[in-house]
Amino acid sequence: MIRLSASLIALTLFSAGAAAQGIDINSAATIGSNSSGEYVRAFPALRDNSPKAILARLDRLCASERSSDQQRCEKAWRVINRAHADLQARRAAEAAAASHGVSN
């Protein structure tokens, strides 16, 4: 129930922001729900979601010898690595646009 609620809230918030920016609502909603769903699956809702607490839980998960924990660990790192690659690509695109005098 928590996962569904979090996804619906993220979808609603993202859709409202997309409409205000003039983005196609259907594609923005899809992007928002996919990103939110991946995050919720990798890091279920807990009380302390500070970066330090999340990394501590991830370290404990990856240190476990259970195969299910190892699979969750690998999945979490795939999500993290994908998000980092997306961030780097966005930064590179912004730097390239800035060097060519293009602004948003």
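The structure this text deals with has already been given above.
In this text, all values refer to a predicted model and were calculated from it rather than measured experimentally.

1. Quick notes on the overall build of the chain
Secondary structure summary: the chain contains four helices and zero strands in total. The order of α-helices and β-strands along the chain, N terminus first, is α-α-α-α. Sequence-distant contacts, at least 24 apart, represent 37% of the contacts inside the chain between residues at least 6 apart. With an accessible surface of roughly 7,800 Å², the chain has 59% of that area assigned to carbon and sulfur atoms.

2. A word on the pattern of salt bridges
On inspection of all chains with the given rule, the structure shows one salt bridge. Measuring nitrogen to oxygen at the nearest pair gives 3.9 Å for the salt bridge that ties Asp 69 to Arg 66.

3. A few points about the state of the cysteines
Every disulfide links exactly two cysteines, by a covalent bond between their sulfur atoms. Using the criterion set out here, one finds one disulfide in the structure. Two residues share a disulfide in this structure: Cys 62 and Cys 73, whose sulfurs sit 1.8 Å from each other. Around the S-S axis, the bridge from Cys 62 to Cys 73 shows a dihedral of about 95 degrees and counts as right-handed. One end of the pair, Cys 62, is in helix 3 (residues 51-63); the other, Cys 73, is in helix 4 (residues 67-99), and 11 residues separate them in sequence.

4. Looking at helix 3
Taking 1.5 Å of rise per residue, 13 residues should cover 18 Å, and helix 3 covers 18 Å from first to last C-alpha, within 8% of that figure. Along helix 3, the positions that sit buried rather than exposed are Ala 53, Ile 54, Leu 58 and Leu 61. Buried positions in helix 3, seen along its axis, are confined to an arc of 135 degrees and lie on one side of it. Exposed residues on helix 3 whose side chains face more than 90 degrees from its buried face are Lys 52, Asp 59, Arg 60 and Ala 63.

5. Some thoughts on the packing of helix 3 against helix 4
How two helices sit against one another is set out by the angle between their axes and by the gap between those axes. Between helix 3 and helix 4, the shortest axis-to-axis distance is 7 Å and the interhelical angle comes to 135 degrees. Taken as axis vectors, helix 3 and helix 4 run oblique relative to one another. Handedness of the crossing formed by helix 3 with helix 4: left-handed. Across the interface between the two elements, Leu 58, Leu 61, Cys 62 and Ala 63 from helix 3 touch Asp 69, Gln 70, Arg 72, Cys 73, Ala 76, Trp 77 and Ile 80 from helix 4. Residues of the contact of helix 3 with helix 4, tallied by class, amount to eight nonpolar, one polar and two charged.

6. Structural notes on the environment of Asp 69
Along the chain, Asp 69 turns up in helix 4. Look at Asp 69 and you get buried, because its relative accessible area is 11%. Each C-alpha atom, one on Asp 69 and one on Leu 58, is 9.8 Å from the other, the two residues being 11 residues apart in sequence. Once you skip the residues sitting within four places of it in the chain, Asp 69 turns out to touch Leu 61 and Ser 64.

Thresholds applied
Residues numbered from 1 in each chain as written. Predicted model: local features only at pLDDT ≥ 70, side-chain atom pairs only at ≥ 80, totals over all residues. Heavy atoms only, no water. Helix = DSSP H or I, 4+ residues; strand = E, 2+ residues; numbered from the N terminus. Contact = heavy atoms within 4.5 Å. Areas by Shrake-Rupley, 256 points an atom, 1.4 Å probe, with all protein chains shown as cover. Salt bridge = Lys/Arg side-chain N within 4 Å of Asp/Glu carboxyl O. Disulfide = S-S within 2.5 Å. Expected span 1.5 Å × (residues − 1). Buried < 20%, exposed > 50% of the residue type's maximum accessible area, 1.4 Å probe, protein only. Arc of directions from axis to C-beta. Axes fitted to C-alpha atoms, helices over the stretch in contact; angles between N-to-C directions. Parallel < 35°, antiparallel > 145°, perpendicular 65-115°, else oblique. Left-handed = near helix turned anticlockwise from the far one by under 90°. Nonpolar A, V, L, I, M, F, W, Y, C, P; charged D, E, K, R; others polar.

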